[in-house]
Amino acid sequence: MIIKQLSVFVENKKGRMAEITDILAKNDIDIRALSIADTTDYGILRLIVDNPQKAQETLKSAGMTVTLTGVIAIAIPDKPGGLSSAVKVLSEKDIQIEYMYAFLNPTDDTAFVIMRVENEDNAIDALTKGGIRLMKEEDIYTI
Amino acid sequence: MKFYTQEIETASREQLREIQSERLCQMVKRCYENVPHYRRKFDEMGLKPEDIKSIDDLHKLPFTYKDDLRDNYPYNLFAVPKEEVVRIHASSGTTGKQTVVGYTQHDLDIWAESVARAIVAMGGSKSDYVHVSYGYGLFTGGLGLHDGATRLGASVIPVSSGNTKRQIQIMQDFKSDILCCTPSYAMFIGETCKEMGIDTKELPLKIGIFGAEAWSENMRREIEKSLNIKAYDIYGLSEIAGPGVAFECTDQSGMHVNEDYFYPEIIDPETGENLPDGEYGELVFTCIGKEALPLIRYRTRDICALTRGTCACGRTLVKMAKPKGRTDDMLIIRGVNVFPSQVEHVLLSLNMEPNYQIVVDRIGNLDTMEVKIEMSQDMFSDQVKAIAGYERKISAALQQTLNIAAKVTLVEPKSLPRSEGKAVRVIDNRKI
């Protein structure tokens, strides 16, 4: 149930994103989802890709600082209140969300939410009991 | 072999003083007779060469400053006709003209002897392969170590600087025993070995002779670990000769000065008064053994201290401490004295690579100090708060050591300049 997210250190300077995405493109790595945490001096690029191990190796050998982080992905109905009910389940169990980002499923009317929580196992347990659908690793990589 | 010139290196204080006094008197006479600059200075002070009777009279003599070399550019301080000059070197000045220095054959001989003493004191011998990665050319590093190792009878591999992978290939294939380069380049060679997947324990390399820039004890340990060698400091400046003016022995407890050729003093940089042994002040040299450019009381702007006594290695030559910094690379930020080596020290104490750059600016009327540090795999996290925590930890440690607040900026790995000579550590954008 734990998905591997790629986190890349990106200094705030011209052409950096172009360089990273170009390396991924040249190595035939497909980006499934992404988000950026930005500060005044640098950003952290978070990526879900179809082959995280290969992406990590490729970026590392290009001299970048990269790490793989465990995150969880849930599928929720794409309608008002869909996200709220899922988040409520976590909040009731006192599970903090560090950050999250979402994208729509192109094939049906669900949305996917990627979440970084402090303790993945507790979150998975709470979400499962709360009736929230969790995505498997292979499902996310091959959306 | 323990000493290259045992009778000098283990001479008694009285014997050394006798040699020094005799050489000083001759040198002063030659300066007065052959160098208009010194004759004018002596005349202004009402000083005659005969007034200098022993090394104890040294304090009566005027100082020589880097500006005097610039004002007499290129050859006007030379004390011999050009027929006797056999070599010219120059150091790139950060401002204005280069500093030009000249050598007679005798000067090259004493310089080579000084370097040979250094190599032996560090455990080297004539059966070693000496890999010289200092630049060859006007810079004294390359040819200085080259001539010294040749004098000793070692096998010199004159690689010069640059092309790090090739350097490592040569170290492997040619079985280099001793590496000579700047300490920052030694660090870089260590990093490159790691990247190339080379286990440095497999290399024959055993000794490193590093100089030409300031480095700390922590950096020594880093280099010793990454290259699996003993790392020794060699001190020198082209105005006095080049590398080999002073050198560490295997005791690693200070650098023995070749004081029979280069006589050191420590002075208060403000008053010019001599300071007692053990006290830190500006290092001043008098080239008592040189012919072409015999500088009198040359102000090095290096801040250090001298200690006399018999070293564990058996040498009696006076020892100078590792310079704490230079009076001229000392930054004054918001009135606080900052040495770049302090930043290096902080990073190493936090187990970080000492790859940094200091950017000083003046915004409004306030000096700002930014320390750029390369992001490493250890520091990186997917969460901003973890990285920010690291930044705060570094800032706090810098504040503690420097007594001044510095903004820490994390930059991408390998993005800071690693020059293959001296690393560019400070960028001062202030217009004062």
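Up top is the structure these notes are about.
As a starting point, this report considers the structure included with it. (Residues numbered from 1 in each chain as written. Chains lettered and ligands numbered in written order. Predicted model: local features only at pLDDT ≥ 70, side-chain atom pairs only at ≥ 80, totals over all residues. Heavy atoms only, no water.)

Right, let's talk about the overall build of chain B for a bit. Tallying secondary structure elements over chain B gives 11 helices and 21 strands in all. Counting every position in chain B, which comprises 432 residues, the buried fraction comes to 56%. For chain B, the share of sequence-separated contacts (at least 6 apart) that also reach a separation of at least 24 residues comes to 66%. With the model as given, the accessible surface of chain B reaches about 18,100 Å², and the carbon-plus-sulfur share is 49%. (Helix = DSSP H or I, 4+ residues; strand = E, 2+ residues; numbered from the N terminus. Buried < 20%, exposed > 50% of the residue type's maximum accessible area, 1.4 Å probe, protein only. Contact = heavy atoms within 4.5 Å. Areas by Shrake-Rupley, 256 points an atom, 1.4 Å probe, with all protein chains shown as cover.)

On the side of chain A, 24 residues touch chain B, which itself brings 19 residues to the contact. Surface buried jointly by chain B and chain A totals about 1,700 Å² across both partners, of which 52% is contributed by carbon and sulfur atoms. The tally of links between chain B and chain A comes to 4 salt bridges. Where Glu412 of chain B meets Arg16 of chain A, a salt bridge forms, and the shortest distance between an N and an O atom there is 2.2 Å. The interface formed by chain B and chain A contains 8 residue pairs in polar contact (both at pLDDT 80 or more). (Buried area = accessible area lost by both parts, 1.4 Å probe. Salt bridge = Lys/Arg side-chain N within 4 Å of Asp/Glu carboxyl O. Polar contact = N/O pair within 3.5 Å; in protein donor to acceptor, adjacent residues only side chain to side chain.)

Attention now goes to the sheet that holds strand 4 (residues 155–157) of chain B. All names here are of chain B. Strand order in this open sheet of 9 strands is 4-3-5-6-7-8-9-14-13, and the pairing throughout is mixed. Both edges of this open sheet fall to strand 4 and strand 13 (306–307), since each of them pairs with a single strand only. Relative to strand 8 (residues 242–248), strand 7 (residues 230–237) runs antiparallel, the two being bridged by 4 bridges. If you follow Ile234 over to strand 8, its bridge partner there is Phe247. On the sheet, helix 6 (residues 140–152) packs against strand 3 (129–132), strand 4, strand 5 (178–181), strand 6 (207–211) and strand 8 and is oriented at approximately 65° with respect to strand 8. (Pairing = 2+ DSSP bridges. Axes fitted to C-alpha atoms, helices over the stretch in contact; angles between N-to-C directions.)

Honestly, it's all geometry; don't read function into it.
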